[in-house]
Number of protein chains: 2
Amino acid sequence: MRYADTILEIIASSHSHMTAEQIFFALKQQYPSVVLATVYNNLNSLYAQEKIRKISVAGYPDRYDKNTRHDHLVCRRCGSLLDIHLSDLTQELERQTGFAIEGYDLKIRCLCPQCRAKEQAAHQAYESQDL
Amino acid sequence: MRYADTILEIIASSHSHMTAEQIFFALKQQYPSVVLATVYNNLNSLYAQEKIRKISVAGYPDRYDKNTRHDHLVCRRCGSLLDIHLSDLTQELERQTGFAIEGYDLKIRCLCPQCRAKEQAAHQAYESQDL
DNA sequence: ATTGGAATTAGAATAATTCTAAATTTGGTG
DNA sequence: CACCAAATTTAGAATTATTCTAATTCCAAT
């Protein structure tokens, strides 16, 4: 895992949530000979060690994130992600489910500002059309 | 959308969480000439109308579920899903995020009973080996 | 009957990811 | 240092899930 630390740094220092391909291009800046499969190998290994998180949203490639406890806002229109720090639900979920849980993944569906603007524009175009 | 209602019924009456392919085979019982692309067309349309939910877990094909409010237990080892009815977090999430949210998706990571048994067996084999 | 629009079909295409086998690198040992 | 074994990387083929395209079929309204 010669590249594992560099990949961890790329993920840690990114404010976006990068796909395997984006990480691949970032890594290529430093190691031009590296190959996408290696990135997948490293990401899978880091994920298995729980050093990174993997975020799956239907319709989008998997994205990777640092493994700190936080939740995500997901735009229902463009799929963009935003970290959000909410209070930890583990205790409450254990109380409600009645057993020890290993963790959880909370995605909040919303509209990002750009998409909100686009939807409003579309809505107004519709409203003002001749009927 | 000639098959939409049948697909809805298949999803509603299934206690598992079916993949597009499983739904395709179930639908084929009644309509042997139907084709996988049609199932995807119907599922995408039902999903766009919010009549069904789509569940994405990294490493597994998307699965579909009825669109009632409930959460999911996800086995971290085999990916199996189980519905669980927890109290609605919308209010609390709106309070914490400070804006109107459209919904959320909560997956609780755990080990299903079968996988727990397997992990224990593996653990005991490891413990009892000659060192 | 005829037509138009929507849905379905078949199958090719695409995208993401994994797999396989060969080559390379690494670390330990004599 | 030289060698070996193990682990990692590489290249590229393969697989899987899903979407796309174009042709066909279905159905409802003339």
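Undergrad: Any chance you could explain the pairing of strand S4 (residues 71–75) of chain A here in plain terms?
TA: Regular strands have side chains that alternate between both faces of the sheet. Residue and element names in this part refer to chain A. Burial analysis of S4 places five of its five residues in the buried class, the great majority of the element. Neither face of S4 is exposed, since Asp 71, Leu 73 and Cys 75 on one face and His 72 and Val 74 on the opposite face are all buried. By the bridge criterion, four bridges tie S4 to strand S5 (residues 81–84) in an arrangement that is antiparallel. Within S5, the position partnered with Val 74 by the bridge is Leu 81.

Undergrad: Before we go on, may I ask you to explain the protein's contact with DNA strand C in this structure?
TA: Near DNA strand C, the surroundings consist of 16 residues, among which Tyr 40 of chain A together with Met 1, Arg 2, Val 35 and Thr 38 of chain B are the closest. Of all atoms in DNA strand C that approach within 4 Å of the protein, 84% are sugar or phosphate atoms. Interatomic distance of 2.7 Å between a side-chain N/O atom of Thr 38 of chain B and a phosphate oxygen of DNA strand C. Mapped by element, the contributors of at least two residues to the surface near DNA strand C are helix H3 (36–48) of chain A together with helix H3 (36–48) of chain B. Of the residues belonging to the surface near DNA strand C, the class tally is nine nonpolar, five polar and two charged.

Undergrad: I would appreciate a short explanation of the relation of the copies chain B and chain A in the present structure.
TA: Copy one and copy two of the chain differ by a rotation about a common axis and a shift along it. When chain B is fitted to chain A, the residual RMSD is 0.0 Å, and the transformation amounts to a turn of 180° plus an axial shift of 0.0 Å. Read as a symmetry element, the transformation amounts to a two-fold axis. No C-alpha of chain B approaches the rotation axis more nearly than that of Leu 106 of chain B, which lies at 2.3 Å.

Thresholds applied
Residues numbered from 1 in each chain as written. Chains lettered and ligands numbered in written order. Predicted model: local features only at pLDDT ≥ 70, side-chain atom pairs only at ≥ 80, totals over all residues. Heavy atoms only, no water. Buried < 20%, exposed > 50% of the residue type's maximum accessible area, 1.4 Å probe, protein only. Helix = DSSP H or I, 4+ residues; strand = E, 2+ residues; numbered from the N terminus. Pairing = 2+ DSSP bridges. Near = heavy atom within 4 Å. Polar contact = N/O pair within 3.5 Å; in protein donor to acceptor, adjacent residues only side chain to side chain. Nonpolar A, V, L, I, M, F, W, Y, C, P; charged D, E, K, R; others polar. Least-squares fit on C-alpha atoms with pLDDT ≥ 70 in both.

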